[in-house]
Amino acid sequence: MERRIYFIAGDVLACVLCGAAAGWLAAAAIPADWAMLAGMVTGMLIGMAVGTVGGILFSPFFGAMEVMLPASLSGMVAGLAGAMTVPGIGSLGIGALAGLACLAVTYVLQSRLCGEAG
Amino acid sequence: MSDLATQKKWDSAAALFDLIGGFGPEKRWRPHKRRLFSRMEGKVLFLAVGTGLDISCFPPGQDITGIDISPKMLAKAKPRADAYAGSMTLRPMDVHEMDFADHAFDQAYTSCTFCSVPDPVRGLTALRRVLKPGGALRMFEHTGSRYFPFRPMLDLMNPLLRTLGPEINRDTAANVRAAGFHVDRVTNIFLDVVKTIEATAPLR
């Protein structure tokens, strides 16, 4: 498990910012009168694109796959959630929270998978 | 070298390589790389030495030959190789077409290499040829994942990232087995994506 505070802070920053951006963008891009399923899938794709680009931008500072994967996951989930909200503080907040939740899930999986695998 | 497309791709990446990978990723991975490379002994082949970022993780006093397909990467690696406290030779070479004699090396090391080698099984088979029977192959690599949601995510991101540099959804441990090595140990560093793979060349 990563214990260096610089990298933990970087993980949090990347996931929260990618999540917030993806949540807001999905809320802004998807019209309210779309079918819910179409909106969620589109939001997820928008979010994943935001998360991937964000992960690539944060990577030189905080690590490669360790940043890109949780940031992309954050974008994907935040985009899905953001698609069901209206653009504004709410969609930013929901996106940021989704980012934190995705990072927490990644850390739990990391604690289970890290170490000898075969 | 016949694979000019790959050479050109990495020549183009050389200018920004240290900027993109030299700080965050290297700092994050350094403790794990140091641990893996600390077991270097005998005549060592280091594949895809790049701009030489890994050289600072090498234990001193070793006899290391580093190869890379990109002359521009090697030009950047040269000052780092010159500063290494041991014997280090750099050669421009494609892993698929290595001109070393059979069984020339005791050990081979890689660091984020077989995400980028165009034909990984053929490259690993060529590597097996230049390793002594029973020689050690020790790899620090990123690979695909077996787990949801990371597996489909890596598959989706791969077409974009492949154009920038590496492939991110390969099963490198399976490729090592397919090339005829015995895989001794796989250790996950980050999820099941960043890992070390320790393998042995067959005795005959």
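One structure accompanies this document, and this report is about it. (Residues numbered from 1 in each chain as written. Chains lettered and ligands numbered in written order. Predicted model: local features only at pLDDT ≥ 70, side-chain atom pairs only at ≥ 80, totals over all residues. Heavy atoms only, no water.)

1. Concerning the pairing of strand E6 (residues 182–190) of chain B
So, step 1. Alignment of strand E1 (residues 115–116) of chain A against E6 of chain B, held across 2 bridges, turns out to be antiparallel. Across the sheet, Gly-115 of chain A pairs through a bridge with Asn-188 of chain B, a residue of E6 of chain B.
So, step 2. Pairing of E6 of chain B with strand E7 (residues 194–200) of chain B involves 7 bridges; the strand directions are antiparallel. Looking at the pairing, Val-183 of chain B lines up with Ala-199 of chain B of E7 of chain B.
So, step 3. Linkage of E6 of chain B to E7 of chain B, two consecutive antiparallel strands, is achieved through a turn of 3 residues, within which Leu-191 of chain B is found at a positive phi near 45°. (Pairing = 2+ DSSP bridges. Helix = DSSP H or I, 4+ residues; strand = E, 2+ residues; numbered from the N terminus.)

2. Looking at unusual backbone geometry
Residues and elements named next belong to chain B.
So, step 1. In this model, Phe-148 is joined to Pro-149 through a cis peptide bond whose omega is 5°.
So, step 2. With a phi close to 55°, His-103 is a non-glycine residue in the positive phi region.
So, step 3. Position of His-103 among the secondary structure elements: in the loop between strand E3 (87–92) and strand E4 (105–111).
So, step 4. Assessed through its relative accessible area of 42%, His-103 is described here as partly exposed.
So, step 5. Not every positive phi belongs to a glycine, and Leu-191 is a case in point at roughly 45°.
So, step 6. Mapped onto the elements, Leu-191 comes out in the loop between E6 and E7. (Buried < 20%, exposed > 50% of the residue type's maximum accessible area, 1.4 Å probe, protein only.)

3. Some thoughts on the sheet that holds E1 of chain A
So, step 1. Taking strand neighbours across the sheet as the criterion, the 8 strands line up as E1(A)-E6(B)-E7(B)-E5(B)-E4(B)-E1(B)-E2(B)-E3(B) in an open arrangement whose pairing is mixed. The sheet terminates laterally at E1 of chain A together with E3 of chain B, the two strands that pair on one side only.
So, step 2. In this structure, E4 of chain B lies alongside strand E5 (residues 131–142) of chain B, joined through 6 bridges in parallel fashion. Along E5 of chain B, the bridge assignment pairs Phe-105 of chain B with Leu-131 of chain B.
So, step 3. The strands touched by helix H2 (residues 24–37) of chain B within the sheet are strand E1 (43–47), E4, E5, E6 and E7 of chain B, with E5 of chain B carrying the most contacts at an inclination of about 175°.
So, step 4. Sheet contacts for helix H3 (residues 71–82) of chain B: strand E2 (63–68) and E3 of chain B; angle to E3 of chain B, the most-contacted strand, approximately 175°. (Contact = heavy atoms within 4.5 Å. Axes fitted to C-alpha atoms, helices over the stretch in contact; angles between N-to-C directions.)

4. Quick notes on the environment of Val-44 of chain B
Residue and element names in this part refer to chain B.
So, step 1. Examined against the element boundaries, Val-44 turns out to sit in strand E1.
So, step 2. Using a relative accessible area of 0% as the deciding quantity, one classes Val-44 as buried.
So, step 3. Not counting chain neighbours up to four residues away, the residues in contact with Val-44 comprise Asp-63, Ile-64, Thr-65, Phe-105, Gln-107 and Tyr-109.

5. Things to note about the environment of Met-36 of chain A
So, step 1. Locating Met-36 of chain A in the fold gives a position in helix H2 (residues 36–62).
So, step 2. Residue classification places Met-36 of chain A among the exposed positions, given a relative accessible area of 59%.

6. As for the pattern of salt bridges
Residues and elements named next belong to chain B.
So, step 1. Evaluated as defined, the whole model comprises 17 salt bridges over all chains.
So, step 2. Residue Arg-80 pairs with Asp-18 through a salt bridge whose shortest N-O separation is 3.0 Å. Separated by 62 residues along the polypeptide, Arg-80 in helix H3 and Asp-18 in helix H1 (residues 4–21) bring together distant segments of the chain.
So, step 3. What makes Asp-18 partly exposed here is its relative accessible area of 22%.
So, step 4. Here Arg-162 ties to Glu-167 by a salt bridge, and the two come within 3.9 Å at their closest N and O atoms.
So, step 5. A relative accessible area of 39% places Arg-162 in the partly exposed class.
So, step 6. Glu-167 gets classed as buried once you look at its relative accessible area, which sits at 19%. (Salt bridge = Lys/Arg side-chain N within 4 Å of Asp/Glu carboxyl O.)

7. Looking at the interface of chain B and chain A
So, step 1. On the side of chain A, 32 residues touch chain B, which itself brings 32 residues to the contact.
So, step 2. Here chain B and chain A share an interface that buries about 2800 Å² over both sides, 72% of which is from carbon and sulfur atoms.
So, step 3. At the junction of chain B and chain A, the tally comes to 3 salt bridges.
So, step 4. Between Glu-2 of chain A and Arg-28 of chain B there is a salt bridge; the shortest N-O distance is 3.5 Å.
So, step 5. Here chain B and chain A share 11 residue pairs in polar contact (both at pLDDT 80 or more) between them.
So, step 6. Secondary-structure elements contributing two or more residues to the side of chain B that touches chain A are H1, H2, helix H5 (150–164) and E6 of chain B. (Buried area = accessible area lost by both parts, 1.4 Å probe. Polar contact = N/O pair within 3.5 Å; in protein donor to acceptor, adjacent residues only side chain to side chain.)

8. Quick look at the packing of helix H1 (residues 5–29) of chain A against helix H3 (residues 65–82) of chain A
Residues and elements named next belong to chain A.
So, step 1. As a packed pair, H1 and H3 sit with axes 7 Å apart at the nearest point and diverge in direction by 30°. Here H1 is positioned roughly parallel relative to H3, judged by the angle of their axes. Our pair here, H1 against H3, has a crossing hand that is right-handed. Contact residues: H1 offers Asp-11, Ala-14, Cys-15, Cys-18, Gly-19, Ala-22, Gly-23, Ala-26 and Ala-27, while H3 offers Glu-66, Val-67, Pro-70, Ala-71, Ser-74, Gly-75, Ala-78, Gly-79 and Gly-82.
So, step 2. Classifying every residue of the contact of H1 with H3 by side-chain character gives 10 nonpolar, 6 polar and 2 charged. (Parallel < 35°, antiparallel > 145°, perpendicular 65-115°, else oblique. Left-handed = near helix turned anticlockwise from the far one by under 90°. Nonpolar A, V, L, I, M, F, W, Y, C, P; charged D, E, K, R; others polar.)

9. Things to note about a nonpolar patch on the surface
So, step 1. Among the surface-exposed residues, Ile-5, Tyr-6 and Phe-61 of chain A together with Phe-23 of chain B lie close enough to one another that they form a single nonpolar patch of about 420 Å² accessible area.
So, step 2. By the secondary structure assignment, Tyr-6 of chain A is in helix H1.
So, step 3. Under the relative-accessibility criterion, Tyr-6 of chain A is labelled partly exposed at 33%. (Patch = residues over 30% accessible without salt bridge, like charges linked within 9 Å, V, L, I, M, F, W, Y side chains within 5 Å. Areas by Shrake-Rupley, 256 points an atom, 1.4 Å probe, with all protein chains shown as cover.)

Take it as geometry only, folks, not as evidence of what the structure does.
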